[in-house]
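# Understanding the architecture of this molecule
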Amino acid sequence: LLRIQGEERRAISREIHDELGQHVTAIKLYLKLAERNLGDSDDARGHLGRAIHENQTLLRTLHEFAQRVRPAVLDDLGLCEAIASHLSDFQNRTGLRVHCELEVAEDVVPSDVADNAYRLVQESLNNVAKHAEAKSVDVQLRIEDDQGSSLCIRVRDDGRGTPAEDSGSGRLGLIGMRERVDLLGGEMEIISAQDEGTSIQI
């Protein structure tokens, strides 16, 4: 089901970017032409100016939505570039300091693993933004063993943490993460303590 979902996300993202994006861009060009050929009516120019602004906002929103559904960089440039791009957006959006170590050659990560690894990092960061009250977060991605058969993901924040008896394991986000990890035959460990931050290791 996760594999089918990933394929569907890819198709939806391409549709948003290619089809809807082209239509919105065409509307923007026609609006610009209309503004250029308009007379001296200040009211009409004001309406057109607002329409152009709203159109630009719509185009930006479509691109951002397409990225959230399925980042094109994941297909085009690979896992590390996709995660680096997401971390940059996350830092700009939340104001948290982000430190990352991405030490994985792209050709050693199968596409199914890369898709799920990206989603695991994404959901881990969502949890940090929503619950941690952190100032910074560290993200590590590396190959763990000499044979190159084990991928290790670590996301650690300096937030408020949680007591051992309240690890948040029942949250839907963490349940979904555990399902992804199980699908890949992996293990996930959450280490957290009150006022000492949280570390998710996969």
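Here's what I pulled together on the structure shown here.

The rules behind these values
- Residues numbered from 1 in each chain as written.
- Predicted model: local features only at pLDDT ≥ 70, side-chain atom pairs only at ≥ 80, totals over all residues.
- Heavy atoms only, no water.
- Helix = DSSP H or I, 4+ residues; strand = E, 2+ residues; numbered from the N terminus.
- Polar contact = N/O pair within 3.5 Å; in protein donor to acceptor, adjacent residues only side chain to side chain.
- Contact = heavy atoms within 4.5 Å.
- Pairing = 2+ DSSP bridges.
- Axes fitted to C-alpha atoms, helices over the stretch in contact; angles between N-to-C directions.
- Core = buried A, V, L, I, M, F, W, Y, C linked by side-chain atoms within 4.5 Å.
- Buried < 20%, exposed > 50% of the residue type's maximum accessible area, 1.4 Å probe, protein only.
- Parallel < 35°, antiparallel > 145°, perpendicular 65-115°, else oblique.
- Left-handed = near helix turned anticlockwise from the far one by under 90°.
- Nonpolar A, V, L, I, M, F, W, Y, C, P; charged D, E, K, R; others polar.

### Let's talk about the environment of Thr-94
Tracing the sequence through the fold places Thr-94 in helix α4 (residues 79-94). Between the alpha carbons of Thr-94 and Ala-129 there is a distance of 7.1 Å; along the sequence they are 35 residues apart. A distance of 2.7 Å separates the side chain of Thr-94 from the backbone oxygen of Phe-90, its partner in a polar contact.

### Remarks on the side chain of Ser-124
Relative to the helices and strands, Ser-124 is located in helix α5 (residues 111-132). Look past the residues within four positions of Ser-124 in its chain and what remains in contact with it is Val-155, Met-177 and Ile-200.

### Let's talk about the sheet that holds strand β1 (residues 97-103)
Ordered in space as β1-β2-β3-β5-β4, the five strands form an open sheet in which the pairing is mixed. The strands lining the two open edges of the sheet, one partner per strand, are β1 and β4 (189-192). Strand-to-strand twist across the sheet, computed as the mean angle between neighbouring axes with direction ignored, equals 10 degrees. Bridge count between strand β3 (residues 151-157) and strand β5 (residues 198-201): three bridges; the pairing is antiparallel.

### Structural notes on the nonpolar core
Formed by 31 residues in total, the largest nonpolar core has its most connected members in Leu-79, Leu-125, Ile-153 and Ile-202. Breaking this core down by element, the ones donating at least two residues are α3 (72-76), α4, α5, β2 (136-143), β3 and α6 (172-183). At eight residues, α5 tops the list of elements feeding residues into this core. Ignoring any residue separated from it by four or fewer positions in sequence, one finds Ile-202 in contact with Leu-120, Leu-151, Cys-152, Ile-153, Met-177, Val-181, Glu-187 and Met-188. Counting five residues, the second-largest nonpolar core is a separate cluster that includes Ile-16, Val-24, Leu-59 and Ala-66.

### Comments concerning the packing of α4 against α5
Taken N-terminus to C-terminus, the directions of α4 and α5 make an angle of 15 degrees; their axes are 10 Å apart at the nearest point. As the angle between them shows, α4 and α5 are arranged roughly parallel. Crossing hand, α4 versus α5: right-handed. Facing Leu-79, Ala-82, Ile-83, His-86, Leu-87, Phe-90 and Thr-94 of α4, the residues of α5 in contact are Ala-114, Ala-117, Tyr-118, Val-121, Gln-122, Leu-125 and Ala-129. Of the residues in the contact of α4 with α5, the class split is eleven nonpolar, three polar and no charged.

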